[in-house]
Amino acid sequence: MAHDTPAPPPPPPTPILIIGAGPVGLFLALLLAQANLPVLLLEASTSPDPAPKAMTHLPSILPDFRAAGVYDALVAAARGLVDQGICFRDAQTGVVLAEMPRPGKGVGEGPLTVPQPTFCNILRQKLQEFPHVTLRAGVAVKSLTQQRNGVEVLAEAFSSSPSSSDTLTFTARYVVAADGAHSAVRTAAGIPFEGATLPRRLVACDVRYDFTGRAGWVGGNFLAGREWAGLVGPILAPEAGAEGEGEDEGDGVGEGIGEGVGNGKGKKTVGLWRVSFSVPEEEWLDTPAALDALVRQRLGKMLPEGGPDPLDACTIERVAPYRAQQLCAATFRKANVLLVGDAAHLTNPYAGLGLNTGLLDASSLATVLSAHLLRGAPPQLLDAWARARRDTFVNAVDPVSRAAFWSLLDPDVATLRERHPVLRAVGGGAGGGVGGRDGAVKGKPAKGPMALRTDVRALEGWVD
């Protein structure tokens, strides 16, 4: 006997309003759409931000990509930058101090590297499958008013002329702030952003340089040592079968340095890599000329030797200086406003936890909102979610990322394996691990400090 499949429950009459169409906002919109919840997504900008952004996804988020139906597209976009290991090196000598090798070809449980614009494009394409999702670009939030059963948002929509704009009003049951570090929603809701700015400036450089061919470097490379500490990792692999060519991702916009710096040798013949380093605040000179000189000096020291002058074979595509901050919102929920991603928390990049924590914010919030709006779970479930996600940042992400940052800057590189939180978690501490080449410690991916996922079904108010 044939049985009719029950129709899905009707969506609520007012949409969820997500502010910010970056990776976290888009991922949240996709998950909500797949749960049959209507979504309106507002984005202030009308074009992608060319500045260097986070691009590596840790194993903890990969199951969510599979469930959302975008994992295969992301693996294809990674062009081989899948399952790559993590290596810790002496910044002065390049000698390997410790490493977590790749789990094996095709395993699919190591880091997955996809440039952020590509990641966002994949999510946008997937969202086109859902007619109950609307994305509006060029709309900036100006204020919001909490109401008994929702939120009213006042926004400004910009036309093709920068001097012309229209005032718009939106109402929604819930507003989710995914609008980044300078969140207009968080500010309008009066939620404090608490924490500290670390006393060092960070500089992220995207460069064309053959790290693999000239020095055998693959995956993420953390450089330890007070003078030249930093991070080196691939963004884009070279195009397969296209010798002498490569994908030019982005437009080379930077602060003081743009595309074409260097002599052009090697341009678009090798993959694109991210080279990041820090500078003491007291040594920072905020001028384009000073930044240009600083980048050339640091890259000259950080690029592995492959000839008389490594800069001869390096092309700098873009540079972005920024402050190293450890900040967290006082609450992730205030009435009908919820915070995710950089709008909720900020951390330095040297543990790779910022973007991944934000995506797990989105994944857990989508599940909680679905339970609340479609299955009648009480509002207390949202409070429990907000506490749990904030606790994850305060008790795991913040201390681990701070320790990772400062451990690379300690001049005693010989004790890195005892001090670095990731190496300690994989058994690379005193007496732990198995010695590898160059006296390196090898281990498996960490489970302790990297446990960033929230078990929403254990939260107060959960309804199956």
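Here the structure is shown first, and the text comes after it.
What counts, and where the lines are drawn
- Residues numbered from 1 in each chain as written.
- Predicted model: local features only at pLDDT ≥ 70, side-chain atom pairs only at ≥ 80, totals over all residues.
- Heavy atoms only, no water.
- Helix = DSSP H or I, 4+ residues; strand = E, 2+ residues; numbered from the N terminus.
- Buried < 20%, exposed > 50% of the residue type's maximum accessible area, 1.4 Å probe, protein only.
- Contact = heavy atoms within 4.5 Å.
- Areas by Shrake-Rupley, 256 points an atom, 1.4 Å probe, with all protein chains shown as cover.
- Phe/Tyr/Trp six-rings, centres within 6.5 Å; stacked < 30°, edge-to-face > 60°.
- Lys NZ or Arg CZ within 6 Å of the ring centre and 35° of its normal.
- Pairing = 2+ DSSP bridges.
- Axes fitted to C-alpha atoms, helices over the stretch in contact; angles between N-to-C directions.
- Lys, Arg positive; Asp, Glu negative; His and termini not counted.
- Salt bridge = Lys/Arg side-chain N within 4 Å of Asp/Glu carboxyl O.
- Parallel < 35°, antiparallel > 145°, perpendicular 65-115°, else oblique.
- Left-handed = near helix turned anticlockwise from the far one by under 90°.

### Regarding the overall build of the protein
Then step 1. Along the backbone of the protein there are eleven helices and 21 strands.
Then step 2. Per-residue burial over the protein gives 52% buried out of 464 residues.
Then step 3. The contacts in the protein between residues at least 6 apart in sequence include a share of 74% that link residues at least 24 apart.
Then step 4. When the accessible surface of the protein is split by element, carbon and sulfur atoms take 52% of a total near 19,800 Å².

### Regarding the packing of aromatic side chains
Then step 1. Applying the stated rule across the entire model yields eight aromatic pairs.
Then step 2. With a centroid separation of 5.6 Å and an interplanar angle of 35°, the aromatic rings of Tyr 350 and Phe 405 are classed as tilted. Of this pair, Tyr 350 sits in the loop between β19 (345-346) and α8 (354-375) while Phe 405 sits in helix α9 (residues 380-409), and the two are 55 residues apart along the sequence. Across the pair, exposure class does not vary: Tyr 350 and Phe 405 are buried alike.
Then step 3. Between Phe 405 and Trp 406, the ring centres sit 5.0 Å apart and the planes meet at 85°, which makes this aromatic pair edge-to-face.
Then step 4. Classification of Phe 405 as buried rests on a relative accessible area of 1%.
Then step 5. Under the relative-accessibility criterion, Trp 406 is labelled partly exposed at 35%.
Then step 6. An aromatic cluster of at least three residues, connected via ring pairs, comprises Tyr 209, Phe 211, Trp 217 and Trp 273.
Then step 7. Across from the ring centre of Tyr 71, 4.3 Å away, lies the NZ or CZ of Arg 66, which sits over that ring.

### Considerations on the pairing of strand β15 (residues 272-280)
Two faces make up the sheet, and in a regular strand the side chains alternate between them.
Then step 1. In terms of burial, β15 is largely enclosed, as nine of its nine residues are buried.
Then step 2. Of the pairings in the sheet, the one linking strand β12 (residues 193-208) to β15 comprises nine bridges and is antiparallel in character. Residue pairing for β15: Arg 200 is matched across the bridge by Pro 280.
Then step 3. As paired elements, strand β14 (residues 230-236) and β15 share six bridges and run antiparallel to each other. Across the sheet, Leu 236 pairs through a bridge with Leu 272, a residue of β15.

### Considerations on the sheet that holds strand β8 (residues 139-147)
Then step 1. Taken in spatial order, the three strands make up an open sheet running β8-β9-β10, and their pairing is antiparallel. Each end of this open sheet is capped by a strand with a single partner; those strands are β8 and β10 (165-172). Each neighbouring strand pair of the sheet contributes to a mean axis angle of 20°, computed without reference to strand direction.
Then step 2. Pairing between strand β9 (residues 150-158) and β10: eight bridges, direction antiparallel. From the neighbouring strand, Glu 156 faces β10, where its bridge partner is Thr 167.

### Some details on the environment of Glu 227
Then step 1. Inspection of the secondary structure assignment puts Glu 227 in the loop between β13 (220-224) and β14.
Then step 2. Its relative accessible area of 49% is what places Glu 227 among the partly exposed residues.
Then step 3. In this structure, the C-alpha to C-alpha distance between Glu 227 and Leu 409, residues 182 residues apart in sequence, is 7.6 Å.

### Quick word on the side chain of Asp 90
Then step 1. Looking at where Asp 90 falls in the secondary structure, it is placed in strand β4 (residues 86-90).
Then step 2. For the buried Asp 90, which has no salt bridge, the nearest side chain bearing the opposite charge is Arg 419, at an N-O separation of 10 Å.
Then step 3. The contacts of Asp 90, once residues within four sequence positions are left out, are Val 95, Leu 97, Ala 224 and Val 413.

### Here we look at the pairing of β13
Then step 1. Burial runs high along β13: four of the five residues are buried.
Then step 2. Bridge analysis of β4 against β13 gives five bridges, and the strand direction is parallel. Looking across to β13, one finds that Asp 90 is bridged to Ala 224.
Then step 3. Taken together, the three bridges between β13 and β14 define a ladder with antiparallel strand orientation. Looking at β14, one finds that Asn 221 is bridged to Val 232.

### Topic: the sheet that holds strand β17 (residues 333-334)
Adjacent strands of a sheet pair through backbone hydrogen bonds, lying either parallel or antiparallel.
Then step 1. On the basis of which strands lie adjacent, the open sheet formed by six strands has the order β7-β2-β1-β11-β18-β17 and mixed pairing. In this open sheet, the two strands that pair with only one neighbour each are β7 (133-137) and β17.
Then step 2. Pairing geometry for strand β2 (residues 39-43) and β7, over five bridges, is parallel. Bridge pairing in β7 places Leu 41 opposite Leu 135.
Then step 3. Those strands touched by α8 are β1 (16-19), β11 (174-177) and β18 (337-339), and its axis lies near 175° from that of β11.

### Quick notes on the environment of Leu 37
Then step 1. Following the sequence through the fold, Leu 37 ends up in the loop between α1 (23-34) and β2.
Then step 2. Since its relative accessible area comes to 0%, Leu 37 is described here as buried.

### Things to note about the pattern of salt bridges
Then step 1. The tally for this structure, following the rule as stated, stands at 15 salt bridges.
Then step 2. Put simply, Glu 156 and Lys 142 hold a salt bridge, and the shortest N to O gap is 3.4 Å. Pair noted here: Glu 156 is in strand β9 and Lys 142 is in strand β8, with a separation of 14 residues, a long-range link.
Then step 3. A residue is classified by how much of its surface remains accessible, and Glu 156, at 22% relative accessible area, is partly exposed.
Then step 4. Glu 460 serves as the salt-bridge partner of Arg 387, at 3.8 Å between the closest nitrogen and oxygen. Taken together, the positions of Arg 387 in helix α9 and Glu 460 in the segment after β21 (441-442) put the pair 73 residues apart, joining distant regions of the chain.
Then step 5. Relative accessible area serves as the criterion here: at 54%, Glu 460 is assigned to the exposed category.
Then step 6. One salt-bridge network, in which partners are shared between bridges, spans Asp 206, Arg 208, Arg 274, Glu 317 and Arg 318.

### Topic: the packing of helix α3 (residues 71-78) against helix α4 (residues 116-127)
Then step 1. At a closest axis distance of 10 Å, the pairing of α3 and α4 adopts a crossing angle of 150°. Accordingly, the angle class assigned to the pair α3 and α4 is roughly antiparallel. When you trace α3 past α4, the crossing you get is right-handed. For the pair α3 and α4, the contacting residues are Ala 73, Leu 74 and Ala 77 in the first and Thr 118, Phe 119 and Ile 122 in the second.

Interpretation note: all reported values are geometric properties and have no functional meaning in isolation.
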